[in-house]
Amino acid sequence: MRVLFIGDIVGRQGVGIVVDSLVGMRREQSIDFVVANGENSDGGSGITPSIYRKLIKAGVDCVTLGDHIYRKKDIIEILDTQDRIVKPANYPAIAPGKPYAILESATGIRVAVISLMGRVFMKPVDCPFAAADRVMAEIPADVKVRLVDFHAEATSDKQLMGRYLDGRVSALMGTHTHVPTADTQILPGGTAFQCDLGMTGPHNSILGRDIANVTEATISFRPIAFPVAKGDVRLSGAMVDIDSRTGLAQRIERVSLNEKDASRYGDSNDDEDDDR
Ligand SMILES: [Fe+2]
Ligand SMILES: [Fe+2]
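Being a predicted model, the structure only gives us computed values, none of them experimental.

K.L.:
Where do I start with the overall build of the chain in this structure?
P.N.:
In terms of regular secondary structure, the chain is built from 7 helices and 12 strands. Relative to the compact-globule value of 19 Å for 276 residues, the chain shows a C-alpha radius of gyration of 17 Å, a close match. Entry remark: accessible area of the chain is about 11,700 Å², with carbon and sulfur atoms responsible for 51%. Taking the average location of the 32 positive side-chain charges in the chain and that of its 38 negative ones, the two points are 2 Å from each other.

Have a look at this one:
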């Protein structure tokens, strides 16, 4: 089966390129399952129920998040009631959301989606390695396809988790830094790996935010809002082919789609909600 991972979706332009291209891309590239990180989809921070629904309607099978998970508090009800969205599995049990999802692909293959958060240069959180072991033990053994979004800052942290879960999950894709890494590979045990998928949103920016404002705030120390930037919108991610009988990866390829590429897929899911 073929899985598409989409890196951190930033703002309405990030949501827009997904909505505009995903139906056509799924069809033309024979994609069976899509995981997208939506933690920055509402104005650069958090996600709303309406953006969640828009992404699912556009063809995303499961939404993962990260440190901005609860920034828009209306999402809490969605996290508690909907199946196609997960919280980081190493968040406390009491925190809203489910620690993993088991979903079915369009062709009837059962797929587990797990999100984990790193601890290096991040807000303190429970041990992601212990959480990974706990979730691996809970997922039924016949669910072979297991997809992990590891939301973390440090490449060392990401490599370590990749090696820790190598052979136990189909793919472990990094998110959070918004900059794609060139270490796309299949690890020795059969897990597809990339330290970071990169960002889906405006690349004429500092990690998706307006360059002038980030510059001004950094140099002057004055508190200034960081609006989502505009221009050079790209969809960043990776496509992974997985043997659904063993759950191991066979092939991985980086994906970087610009607006021209996206318009080639041409299938607009237009829905005029005014989400930022
Ligand atoms: Fe992010
Ligand atoms: Fe993040």
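K.L.:
When you look at the coordination of the iron ion (ligand 1) in this model, what are you seeing that I'm missing?
P.N.:
When four donors bind a metal tetrahedrally, each ideal donor-metal-donor angle is 109.5 degrees, and when six bind octahedrally, the ideal angles are 90 or 180 degrees. On the protein side, the iron ion (ligand 1) has D8 (OD), E39 (OE), N40 (OD1) and H178 (NE2) as donor atoms, found 2.1 to 2.2 Å from it. Around the iron ion (ligand 1), the 4 donor atoms sit at angles spanning 87 to 168 degrees, and that spread fits a shape best called irregular. Sequence positions of the donors to the iron ion (ligand 1) reduce to the motif D-x30-E-N-x137-H. A separation of 3.5 Å is found between the iron ion (ligand 1) and the iron ion (ligand 2), which are bridged by E39.

K.L.:
Whenever I open this one, helix α4 (residues 128-138) confuses me. Can you help?
P.N.:
For an α-helix, the turn length of 3.6 residues means that residues three or four places apart are oriented alike. All buried positions along α4 are accounted for by P128, F129, A131, A132, V135 and M136. Seen from one end, α4 has its buried residues packed into an arc of 160 degrees, which puts them on one side. On its buried face, α4 sits against β4 (100-104), β5 (110-117), β6 (145-151) and α5 (155-165).

K.L.:
Whenever I open this one, the side chain of E39 confuses me. Can you help?
P.N.:
Tracing the backbone shows E39 in the loop between β2 (33-37) and α2 (49-58). Of the side chains bearing the opposite charge, R71 lies closest to the buried E39, which forms no salt bridge; the N-O distance is 7.7 Å. One polar contact links the side chain of E39 to the main-chain amide nitrogen of H68, over a distance of 3.1 Å. If sequence neighbours within four positions are ignored, E39 has contacts with D8, S45, G46, T64, L65, G66, D67, H68, H151, H176 and H178.

K.L.:
Explain the coordination of the iron ion (ligand 2) to me, please; I cannot follow it from the model alone.
P.N.:
At 2.1 to 2.2 Å from the iron ion (ligand 2) lie its protein donor atoms, namely E39 (OE), D67 (OD), H151 (NE2) and H176 (ND1). Considering all 4 donor atoms around the iron ion (ligand 2), angles at the metal cover 86 to 141 degrees and the coordination shape is irregular. Donor residues binding the iron ion (ligand 2) come from one chain and are separated in sequence as E-x27-D-x83-H-x24-H. Residue classification places E39 among the buried positions, given a relative accessible area of 1%. H176 sits in the buried class, given a relative accessible area of 14%.

K.L.:
Help me understand the sheet that holds β4, please; the structure alone is not making it clear to me.
P.N.:
Strand pairing in a sheet relies on backbone hydrogen bonds, with the paired strands running either antiparallel or parallel. One open sheet accounts for 6 strands, arranged β4-β5-β6-β7-β9-β8; its pairing is mixed. Of all strands in the sheet, those bounded by a partner on one side alone are β4 and β8 (185-186). Across 5 bridges, the pairing between β6 and strand β7 (residues 171-175) is parallel. In the strand pairing of β7, F150 is matched with G174. Sheet strands touched by α4: β4, β5 and β6. Its angle to β5, the strand with the most contacts, is close to 165 degrees. The strands that α5 touches are β5, β6, β7 and β9 (192-194); relative to β7, the one it contacts most, it runs at about 165 degrees.

K.L.:
I would appreciate a short explanation of the pattern of salt bridges in the present structure.
P.N.:
Pairs may arise between side chains of opposite charge once their charged atoms sit close together. In the structure shown here, the tally under the stated rule is 13 salt bridges. For D196, the salt bridge is made with K158, and the minimal N-O distance between the two is 2.7 Å. Of this pair, D196 sits in the loop between β9 and β10 (201-202) while K158 sits in helix α5, and the two are 38 residues apart along the sequence. The burial state of D196 is the same as that of K158; both residues are buried. For R222, the salt bridge goes to E216, with nearest N and O atoms at 3.2 Å.

K.L.:
How should I be thinking about unusual backbone geometry in this particular structure?
P.N.:
Where the residue is not glycine, phi is negative for most of them; where a peptide bond is considered, it is trans in most cases. One non-glycine residue, H176, lies in positive phi territory at about 100 degrees. Positive phi outside glycine occurs at L207, with the angle close to 50 degrees. For L207, a relative accessible area of 45% gives the class partly exposed.

Calculation rules
- Residues numbered from 1 in each chain as written.
- Chains lettered and ligands numbered in written order.
- Predicted model: local features only at pLDDT ≥ 70, side-chain atom pairs only at ≥ 80, totals over all residues.
- Heavy atoms only, no water.
- Helix = DSSP H or I, 4+ residues; strand = E, 2+ residues; numbered from the N terminus.
- Rg over C-alpha atoms; globule rule 2.2 N^0.38 Å.
- Areas by Shrake-Rupley, 256 points an atom, 1.4 Å probe, with all protein chains shown as cover.
- Lys, Arg positive; Asp, Glu negative; His and termini not counted.
- Charge placed at Lys NZ, Arg CZ, Asp CG, Glu CD.
- Donors = N, O, S within 2.8 Å, 3.2 Å for Na, K, Ca; no water.
- Tetrahedral: all angles 85-135°; square planar, octahedral: opposite > 155°, others 65-115°.
- Buried < 20%, exposed > 50% of the residue type's maximum accessible area, 1.4 Å probe, protein only.
- Arc of directions from axis to C-beta.
- Contact = heavy atoms within 4.5 Å.
- Salt bridge = Lys/Arg side-chain N within 4 Å of Asp/Glu carboxyl O.
- Polar contact = N/O pair within 3.5 Å; in protein donor to acceptor, adjacent residues only side chain to side chain.
- Pairing = 2+ DSSP bridges.
- Axes fitted to C-alpha atoms, helices over the stretch in contact; angles between N-to-C directions.

Function-wise, these values are silent; they only describe arrangement.
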